[in-house]
Amino acid sequence: MQEDSYSTTLCQLENEELENTAMSAENYQQMLAIYLYLNNLANAKMLWMRIPDNLKDQNKELDQINLLNIALQHSNYSDFFKHMKYEWSEHNKAIINDLLVSKREELFNLTASAYVSIYEQNLIEMAQMTPEELKSACFDWTREQDGDKYILIPKIRESAPRVASDDQLLKLTEFVSFLEN
């Protein structure tokens, strides 16, 4: 699984940071990108604070990854996707592309669960996609015309069955009783 390989790479980079006080900007870039991919925003923010200022000033790509970090910290998908439009170096391209796919999927899932319908143009602007990319990404959504605009209606997903609150309360009571005895 991709997440496992990134976790392994991250562990190696973290160990290298502990052993070596002067890491390269490329290593910091990879660490920051992997933290974002793993949705570990707190560690990404702390890493940014640890990076030496001279590396931050000299490396445009490191700054660009931090812009992604800031957009995710503020849950601003529109800014995130705008900052994704950058010529990424080869050693970061795979991680960044996986991050893009992951965040677009997250955006579509959030949109599908939060909205009954959304104008196609609004979703295009939010995800920074072409209409063709959006059509292929949302192929199972219903598309209806409203005048000169199109409305996308997400496919209704069945939610997981919920356990009754009485059952949960009973289990909690049994657990607390067990701990008290």
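Rules used in this analysis
Residues numbered from 1 in each chain as written. Predicted model: local features only at pLDDT ≥ 70, side-chain atom pairs only at ≥ 80, totals over all residues. Heavy atoms only, no water. Core = buried A, V, L, I, M, F, W, Y, C linked by side-chain atoms within 4.5 Å. Buried < 20%, exposed > 50% of the residue type's maximum accessible area, 1.4 Å probe, protein only. Helix = DSSP H or I, 4+ residues; strand = E, 2+ residues; numbered from the N terminus. Contact = heavy atoms within 4.5 Å. Arc of directions from axis to C-beta. Axes fitted to C-alpha atoms, helices over the stretch in contact; angles between N-to-C directions. Parallel < 35°, antiparallel > 145°, perpendicular 65-115°, else oblique. Left-handed = near helix turned anticlockwise from the far one by under 90°. Nonpolar A, V, L, I, M, F, W, Y, C, P; charged D, E, K, R; others polar. Pairing = 2+ DSSP bridges. Salt bridge = Lys/Arg side-chain N within 4 Å of Asp/Glu carboxyl O. Phe/Tyr/Trp six-rings, centres within 6.5 Å; stacked < 30°, edge-to-face > 60°. Lys NZ or Arg CZ within 6 Å of the ring centre and 35° of its normal.

Per an unreviewed UniProt entry, the protein goes by the name COP9 signalosome complex subunit 8 and belongs to Drosophila albomicans.

> Explain the nonpolar core to me, please; I cannot follow it from the model alone.
Grouped burial of nonpolar side chains is what soluble globular proteins tend to show. Among the nonpolar cores identified, the biggest contains 45 residues, and Leu36, Leu68, Phe80, Leu123, Leu134 and Trp141 are the most heavily contacted of them. For this core, the secondary structure elements donating two or more residues are helix H1 (2–19), helix H2 (25–37), helix H3 (41–50), helix H5 (60–73), helix H6 (77–84), helix H7 (90–114) and helix H8 (120–127). Here this core takes 9 residues from H2, the largest share from any one element. Setting aside anything within four residues of it in sequence, one finds Leu68 in contact with Leu36, Phe80, His83, Met84, Trp88, Ile96 and Leu99.

> Looking at this model, I keep getting lost on H3. Mind explaining?
Each α-helix turn comprises 3.6 residues. Residues three or four places apart therefore point the same way. What H3 keeps buried is the set Leu41, Ala44, Leu47 and Trp48. Viewed end-on, H3 has its buried residues packed into an arc of 115°, placing them on one side of the element. Facing away from the buried surface of H3 by more than 90 degrees, the exposed residues are Ala42 and Met49. Those residues of H3 that are buried lie in contact with H1, H2, helix H4 (53–58) and H5.

> What is the right way to look at the packing of H3 against H5 in this model?
Remark: H3 packs on H5, axes separated minimally by 10 Å, with the N-to-C direction vectors making an angle of 140°. With respect to their mutual orientation, H3 and H5 come out oblique. For the pair H3 and H5, the crossing hand works out as left-handed. Taking contact as the criterion, the partners of Leu41, Ala42, Ala44, Lys45 and Trp48 in H3 are, on H5, Leu62, Asp63, Asn66, Asn69, Leu72 and Gln73. When the residues that make up the contact of H3 with H5 are grouped by side-chain class, the tally is 6 nonpolar, 3 polar and 2 charged.

> For this particular structure, what's the right way to read the pairing of strand E3 (residues 149–153)?
The two faces of a sheet get side chains in turn, since along a regular strand they alternate between them. Where strand E1 (residues 118–119) meets E3, 2 bridges bridge the pair, whose relative direction is antiparallel. Paired with Tyr119 across the two strands is Ile151, which belongs to E3. Hairpin connection of strand E2 (residues 142–146) to E3: 2 residues between the antiparallel strands, including Gly147 at a positive phi of 70°.

> So what exactly am I meant to see when it comes to the pattern of salt bridges here?
Between side chains of opposite charge, pairing is possible as soon as their charged atoms come close. The tally for this structure, following the rule as stated, stands at 5 salt bridges. Among the salt bridges present, the one from Glu17 reaches Arg50, with a minimum N-O distance of 3.0 Å. Of the two residues, Glu17 is situated in helix H1 and Arg50 in helix H3; the sequence distance between them amounts to 33 residues. You can call Arg50 partly exposed: its relative accessible area is 42%.

> Sorry if this is basic, but what is going on with the packing of aromatic side chains here?
Aromatic ring pairs: the centre-centre distance and the angle between the two ring planes describe each pair. Scanning the entire structure with this criterion turns up 5 aromatic pairs. Considering the side-chain rings of Tyr6 and Tyr37, the 5.0 Å spacing of their centres and the 75° angle between planes classify their relative orientation as edge-to-face. Of this pair, Tyr6 sits in helix H1 while Tyr37 is found in helix H2, placing the two residues 31 residues apart along the sequence. Both residues of the pair, Tyr6 and Tyr37, count as buried. An aromatic cluster of at least three residues, connected via ring pairs, comprises Tyr77, Phe80 and Phe81. Across the ring face of Tyr150, the terminal group of Arg143 is positioned such that the distance to the ring centre comes to 3.6 Å. The aromatic ring of Tyr119 is capped on one face by Lys149, whose charged end is 5.3 Å from the ring centroid.

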